[in-house]
Amino acid sequence: MAYRRTWGIGLQWAEPTPDTGSLRSDLLALGETFMARDALRDAVQAGLLTAMARDDTVRAAMYEMVGRPRQQAFAAIVAQAHACGEISRPERGPDIARIFPAMTFRKLVLRKQPMDAAFVTHVVDDYILPLLTRD
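Residues numbered from 1 in each chain as written. Predicted model: local features only at pLDDT ≥ 70, side-chain atom pairs only at ≥ 80, totals over all residues. Heavy atoms only, no water.

**With respect to the nonpolar core**
Turning to step 1, where the next piece is worked out: Membership of the largest hydrophobic core comes to 36 residues, with the highest contact counts inside it found for Leu23, Leu27, Met62, Phe74, Phe100, Ile128 and Leu132.
Turning to step 2, where the next piece is worked out: Tallying contributions element by element places helix H4 (residues 56–83) first for this core, with 10 residues.
Turning to step 3, where the next piece is worked out: Among all residues touching Phe74, those that are not within four sequence positions of it are Leu27, Leu30, Gly93, Ile96, Ala97, Ile128 and Leu132. (Core = buried A, V, L, I, M, F, W, Y, C linked by side-chain atoms within 4.5 Å. Buried < 20%, exposed > 50% of the residue type's maximum accessible area, 1.4 Å probe, protein only. Helix = DSSP H or I, 4+ residues; strand = E, 2+ residues; numbered from the N terminus. Contact = heavy atoms within 4.5 Å.)

Written out as structure tokens, the structure reads:
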């Protein structure tokens, strides 16, 4: 399947984990990695997301290229925020980390809308931060 080797690379995230000194800024920086660089990238990502439901090989490749690096970055951000005293319950991190990919899927595939900074800010400020910082 050639699309795994060619299109997947354009979706792969190889940035260092954001470390801006604030939980919110780190989450926004991580969320921005989901944003479209162009309409073609959105279309390819939406197509691959739907193909994942039918093809275990595509699902595994997408998780390794897209899912795992962001999951690891989210875990590192949560650990850093806990170490700095910004959050008290880091064990919630893995469940909360699933929110952004789920909302991204809905926006790209079900609604056919592009990702943008306003959406990233909304998800971080209205869902992820309140859940992470709640005692």
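Resuming the write-up.
**Regarding helix H2 (residues 23–32)**
Turning to step 1, where the next piece is worked out: Of all the positions in H2, only Leu23, Asp26, Leu27, Leu28, Leu30 and Gly31 are classed as buried.
Turning to step 2, where the next piece is worked out: Contact partners of the buried residues in H2: H4, helix H6 (99–110) and helix H7 (117–133).

**Quick look at the environment of Asp55**
Turning to step 1, where the next piece is worked out: As for its position among the elements, Asp55 is in the loop between helix H3 (39–52) and H4.
Turning to step 2, where the next piece is worked out: Judged by relative accessible area, which is 16%, Asp55 ranks as buried.
Turning to step 3, where the next piece is worked out: A polar atom in the side chain of Asp55 sits 2.8 Å from the backbone nitrogen of Thr57. (Polar contact = N/O pair within 3.5 Å; in protein donor to acceptor, adjacent residues only side chain to side chain.)

**Focus on the layout of surface pockets**
Turning to step 1, where the next piece is worked out: In this structure, the largest pocket occupies an estimated 600 Å³ of space.
Turning to step 2, where the next piece is worked out: Lining the largest pocket are 24 residues; nearest its centre among them are Phe34, Val66, Gly67, Ala97 and Pro101.
Turning to step 3, where the next piece is worked out: Of all elements in the fold, only H2, H3, H4, H6 and H7 reach the threshold of two or more residues within the lining of the largest pocket.
Turning to step 4, where the next piece is worked out: The biggest single contributor to the lining of the largest pocket is H4, with eight residues.
Turning to step 5, where the next piece is worked out: Considering only residue class, the lining of the largest pocket consists of 16 nonpolar, five polar and three charged. (1 Å grid on protein atoms, 1.4 Å probe; cavity = no way out; pocket = protein on both sides within 12 Å on 5 of 7 lines; lining within 4 Å. Points joined across faces, edges and corners; volume = space filled by probe spheres on them. Nonpolar A, V, L, I, M, F, W, Y, C, P; charged D, E, K, R; others polar.)

**Some thoughts on the packing of H2 against H4**
Turning to step 1, where the next piece is worked out: Viewed as axis vectors pointing N to C, H2 and H4 meet at an angle of 175 degrees, and their least axial separation amounts to 10 Å. On the basis of their axis angle, the class for H2 and H4 is roughly antiparallel. Along the contact surface, H2 presents Leu23, Asp26, Leu27 and Leu30, while H4 presents Arg70, Ala73, Phe74, Ile77 and Ala81.
Turning to step 2, where the next piece is worked out: Counted by class, the contact of H2 with H4 contains seven nonpolar, no polar and two charged residues. (Axes fitted to C-alpha atoms, helices over the stretch in contact; angles between N-to-C directions. Parallel < 35°, antiparallel > 145°, perpendicular 65-115°, else oblique.)

**Here's the deal with the pattern of salt bridges**
Turning to step 1, where the next piece is worked out: Tallying each qualifying case throughout the model produces five salt bridges.
Turning to step 2, where the next piece is worked out: A salt bridge links Arg59 to Asp56, with the nearest nitrogen and oxygen atoms 1.9 Å apart. Here the residue Arg59 and the residue Asp56 both occupy positions in helix H4, the gap between them amounting to three residues, near one helical turn.
Turning to step 3, where the next piece is worked out: For Arg59, a relative accessible area of 34% corresponds to the partly exposed category.
Turning to step 4, where the next piece is worked out: In this structure Asp56 comes out as exposed when scored by relative accessible area, which is 55%. (Salt bridge = Lys/Arg side-chain N within 4 Å of Asp/Glu carboxyl O.)

**What about the environment of Leu30?**
Turning to step 1, where the next piece is worked out: By secondary structure assignment, the location of Leu30 is in helix H2.
Turning to step 2, where the next piece is worked out: Given the relative accessible area of 6%, Leu30 is considered buried.

**Some points on H7**
Turning to step 1, where the next piece is worked out: Of all the bends in H7, the greatest measures close to 35 degrees and is centred on Val124.
Turning to step 2, where the next piece is worked out: By the burial criterion, the buried members of H7 are Phe119, Val120, Val123, Val124, Ile128, Leu129 and Leu132.
Turning to step 3, where the next piece is worked out: The inward-facing, buried residues of H7 contact H2, H4, helix H5 (93–96) and H6. (Bend = angle between axes of the 7 residues up to and from the residue.)

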